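The residues making up each chain are set out below.
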Amino acid sequence: MAKLVFRRAEQKDLARIIEIYNQAVRHKIATDDDHPLTVADKQDWFDSFNDHFPIWVIEDGGKIVGWVALEEFFHHPNYAHDAQIAIYFDYHHHQQSLGTRTLAFIDDQVEHHLPLTTIVSYIFEENIASQKLFTKCGYQFVGDLPTIAHINGQYRTIKTYLKHFDVPIIKK
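Here is what the cut-offs are and how they apply
- Residues numbered from 1 in each chain as written.
- Predicted model: local features only at pLDDT ≥ 70, side-chain atom pairs only at ≥ 80, totals over all residues.
- Heavy atoms only, no water.
- Helix = DSSP H or I, 4+ residues; strand = E, 2+ residues; numbered from the N terminus.
- Rg over C-alpha atoms; globule rule 2.2 N^0.38 Å.
- Buried < 20%, exposed > 50% of the residue type's maximum accessible area, 1.4 Å probe, protein only.
- Contact = heavy atoms within 4.5 Å.
- Areas by Shrake-Rupley, 256 points an atom, 1.4 Å probe, with all protein chains shown as cover.
- Lys, Arg positive; Asp, Glu negative; His and termini not counted.
- Charge placed at Lys NZ, Arg CZ, Asp CG, Glu CD.
- Right-handed = clockwise from strand over helix to strand, strands pointing away.
- Pairing = 2+ DSSP bridges.
- Salt bridge = Lys/Arg side-chain N within 4 Å of Asp/Glu carboxyl O.
- 1 Å grid on protein atoms, 1.4 Å probe; cavity = no way out; pocket = protein on both sides within 12 Å on 5 of 7 lines; lining within 4 Å.
- Points joined across faces, edges and corners; volume = space filled by probe spheres on them.
- Core = buried A, V, L, I, M, F, W, Y, C linked by side-chain atoms within 4.5 Å.

Enquirer: Looking at this model, I keep getting lost on the overall build of the protein chain. Mind explaining?
Expert: On a plain count of helices and strands, the protein chain comes out with 4 helices and 7 strands. For the protein chain, the N- to C-terminal ordering of α and β elements is β-α-α-β-β-β-α-β-α-β-β. Relative to the globule expectation of 16 Å for 172 residues, the C-alpha radius of gyration of the protein chain, 16 Å, shows essentially globular dimensions. Structurally, the protein chain occupies a C-alpha span of about 50 × 40 × 30 Å along its principal axes. Counting the 172 residues in the protein chain, one finds 48% classified as buried. Nonlocal contacts in the protein chain, meaning residues at least 24 apart in sequence, comprise 63% of its contacts between residues at least 6 apart. When the accessible surface of the protein chain is totalled, it reaches about 9700 Å², and 52% of it is carbon and sulfur. Here the protein chain holds 17 positive side-chain charges and 23 negative ones, and the gap between their average locations is 5 Å.

Given below as structure tokens:
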């Protein structure tokens with residue numbers, strides 16, 4: 001595996017981002033969508049990213065093999081320092097430590113470049129690999145949202161993980 005390159009996603013990357021996401025949709029354990037999406041379906045979502053809540057593509061050898069996004073956690077000013085993470089990899093690149101390397105990149109971004117203090121991850125209970133990844137990378141399991149999502153005719157439980165970073169002193 002070549003050196004991973006993380007770069008801010010651009011409009012030209014959206015089709016590949018959706019292609020990778022749709023792999024997870026078909027696998028049925030990592031998303032809350034029950035059918036593949038199109039670029040048009042996700043354009044507003046993509047446009048919502050900015051310098052405070054960014055999205056990156058992950059390149060290996062010049063090819064996009066995954067993406068990671070820090071999305072607004074809750075649309076209220078009191079949660080401006082909190083983000084929800086989304087992380088997806090092309091299935092041909094699973095089991096190659098991309099998750100660990102990506103979460104280390106996110107740690108660095110939050111610690112040195114972004115005005116965030118907490119990252120939240122929602123993981124379906126069936127997605128054991130993601131639960132292990134986030135635990136290994138220092139995220140704390142904080143509870144279940146039992147039978148909250150109705151997907152493909154079944155109610156599913158979401159496990160909630162979070163990681164706190166140093167809280168900055170905010171002067172009033």
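From this point, the narrative continues.
Enquirer: Just checking my understanding: could you explain the pairing of strand β5 (residues 118–124) for this structure?
Expert: The side chains of a regular strand alternate between the sheet's two faces. When you tally the buried positions in β5, you get 6 out of 7 residues, the bulk of the element. Considered for its hand, the β-α-β crossover made up of strand β4 (residues 82–89), helix α3 (residues 98–112) and β5 is right-handed. Two strands pair when backbone bridges link them, and β5 and strand β7 (residues 154–164) are joined in this way by 7 bridges, in the antiparallel orientation. Each bridged residue has a counterpart across the sheet, and for S121 the counterpart in β7 is Y161.

Enquirer: In this structure, what is going on with unusual backbone geometry? I would like to understand it.
Expert: For residues other than glycine, phi is negative in most cases, and the peptide bonds are mostly trans. Positive phi outside glycine occurs at T147, with the angle close to 40°. Mapped onto the fold, T147 is located in strand β6 (residues 140–151). The phi dihedral of N152 is positive, around 50°, even though this residue is not glycine. Along the polypeptide, N152 turns up in the loop between β6 and β7.

Enquirer: Can you walk me through the pattern of salt bridges in this structure?
Expert: Between side chains of opposite charge, a pair can form when the charged atoms approach closely. All chains considered together, the criterion is met by 10 salt bridges. Between R7 and E10 there is a salt bridge, with the nearest N and O atoms lying 3.9 Å from each other. The class of E10 is partly exposed, set by a relative accessible area of 39%. Of the charged contacts in the structure, one is a salt bridge between D90 and R16, with a shortest N-O distance of 2.8 Å. With D90 in the loop between β4 and α3 and R16 in helix α1 (residues 14–27), the pair connects residues that are 74 residues apart, well separated along the chain. Residues joined by salt bridges that share partners form a network here, namely R7, E10, K12, D13 and E59.

Enquirer: Would you take a moment to explain the layout of surface pockets for this structure?
Expert: Rolled over the atoms, a probe as big as a water molecule pinpoints where empty space is left. The volume enclosed by the largest pocket comes to roughly 1100 Å³. What lines the largest pocket is a set of 41 residues, among which A30, I87, Y88, N127 and S130 lie closest to the centre. Among the secondary structure elements, those contributing two or more residues to the lining of the largest pocket are α1, α2 (39–47), β3 (63–72), β4, α3, β5 and α4 (128–136).

Enquirer: Explain the nonpolar core here, please?
Expert: Burial of nonpolar side chains together is a common tendency in soluble globular proteins. Among the nonpolar cores identified, the biggest contains 27 residues, and L70, I85, I106, I119, F134 and Y139 are the most heavily contacted of them. At the level of elements, β1 (4–8), β2 (55–60), β3, β4, α3, β5 and α4 are the ones that each hand at least two residues to this core. Ranked by residue count, the leading element in this core is α3, at 5 residues. Residues within four places of F134 in sequence aside, it is in contact with I85, I87, L103, S121, I123, Y139 and Y161.

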